[in-house]
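# Structural overview
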Amino acid sequence: MKISIIEAAVKWFKEEVGLDDGGKIKFYSQIYGTSPVQKNYALAFTVDNEPIDMAVKTEIDGVTFYIESSDLWFFNGHDLHVDYNEKKEELEYSYTKS
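The present account deals with the structure reproduced in this document. (Residues numbered from 1 in each chain as written. Predicted model: local features only at pLDDT ≥ 70, side-chain atom pairs only at ≥ 80, totals over all residues. Heavy atoms only, no water.)

### Considering the overall build of the chain
When its secondary structure is counted, the chain shows 2 helices and 7 strands. Taken from the N to the C terminus, the helices and strands of the chain come in the order β-α-β-β-β-β-α-β-β. A globule of 98 residues ought to have a C-alpha radius of gyration of about 13 Å, and the chain, at 13 Å, matches this closely. Along the longest, intermediate and shortest principal axes, the C-alpha atoms of the chain span 35 × 30 × 25 Å. Every one of the 98 residues in the chain was classed for burial, and the buried ones make up 39%. Considering only residue pairs separated by 6 or more positions, the chain has 52% of its internal contacts joining residues 24 or more positions apart. As displayed, the chain has an accessible area near 5,900 Å², and 44% of this comes from carbon and sulfur atoms. (Helix = DSSP H or I, 4+ residues; strand = E, 2+ residues; numbered from the N terminus. Rg over C-alpha atoms; globule rule 2.2 N^0.38 Å. Buried < 20%, exposed > 50% of the residue type's maximum accessible area, 1.4 Å probe, protein only. Contact = heavy atoms within 4.5 Å. Areas by Shrake-Rupley, 256 points an atom, 1.4 Å probe, with all protein chains shown as cover.)

### What about the pattern of salt bridges?
A complete count under the given rule lists 4 salt bridges for this structure. The salt bridge involving E15 is made with K11; its shortest N-O contact spans 3.9 Å. Of this pair, E15 and K11 are both found in helix α1 (residues 7–16), 4 residues apart, which corresponds to roughly one turn of the helix. Two residues, K14 and D21, come together in a salt bridge whose shortest N-O distance is 3.1 Å. (Salt bridge = Lys/Arg side-chain N within 4 Å of Asp/Glu carboxyl O.)

### Here's the deal with the side chain of N85
Within the secondary structure layout, N85 lies in strand β6 (residues 78–85). Residue N85 is classed as buried on the basis of its relative accessible area, which comes to 18%. Side chain to side chain, N85 and E92 meet in a polar contact 2.7 Å long. Leaving out residues up to four positions away in the same chain, N85 has contacts with E90 and E92. (Polar contact = N/O pair within 3.5 Å; in protein donor to acceptor, adjacent residues only side chain to side chain.)

### Here's the deal with the sheet that holds strand β1 (residues 3–5)
Backbone hydrogen bonds hold the strands of a sheet together, and the pairing may be parallel or antiparallel. Within the open sheet, the 3 strands sit side by side as β1-β6-β7. Their pairing is mixed. Across the chains shown, the open sheet's two edge strands, defined by having one partner strand only, are β1 and β7 (90–97). Pairwise comparison of adjacent strand axes, ignoring direction, gives a mean angle of 20 degrees for this sheet. When β1 meets β6, the two strands line up parallel, connected through 3 bridges. Its bridge partner being in β6, I3 is matched across the sheet by L80. Against the sheet, α1 contacts β1, β6 and β7, and its axis sits at roughly 70 degrees relative to β6. (Pairing = 2+ DSSP bridges. Axes fitted to C-alpha atoms, helices over the stretch in contact; angles between N-to-C directions.)

### Quick word on the packing of aromatic side chains
Each aromatic ring pair is described using two quantities: the centre-to-centre distance and the angle formed by the ring planes. Within this structure, the stated rule accounts for 12 aromatic pairs. Here the aromatic rings of Y41 and W73 are separated by 5.0 Å at their centres, their planes lie at 85 degrees, and the arrangement is edge-to-face. Taken together, the residues Y41 in strand β3 (residues 41–47) and W73 in helix α2 (residues 72–75) connect sequence positions 32 residues apart. Chaining the aromatic ring pairs together yields one cluster made of W12, F13, F27, F45, F65 and Y93. Geometry around Y28 places K26 over its ring, the cationic atom sitting 5.8 Å from the centre. (Phe/Tyr/Trp six-rings, centres within 6.5 Å; stacked < 30°, edge-to-face > 60°. Lys NZ or Arg CZ within 6 Å of the ring centre and 35° of its normal.)

### Things to note about the pairing of strand β5 (residues 63–68)
Counting buried positions along β5 gives 6 out of 6 residues, so the element sits mostly inside the fold. Burial along β5 is two-sided: the face carrying V63, F65 and I67 and the face carrying T64, Y66 and E68 are both buried. With 6 bridges connecting them, strand β4 (residues 54–60) and β5 associate as antiparallel partners. When the bridges of β5 are listed, M54 appears paired with E68.

Right, dumping it as structure tokens:
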């Protein structure tokens, strides 16, 4: 499994969340939502500079984006792609089978 994030999404995280170089974003599963890979669960993120057990990570422009081992089940064998929709001014997630 891997995480890919386009440059515009990284810029959004830095500006909207206030991340500096060395910051970390954790993606995790959230109950009561919707996603194409898990019914009744959605993907969420939080600033978390104290990872416990990073299973997957990617570093882009000084920021580490990661998923803990305890949340790998959510992705069900899919890679995570994070995009930024300029018209809606929001992040968009897509998943592709690994």
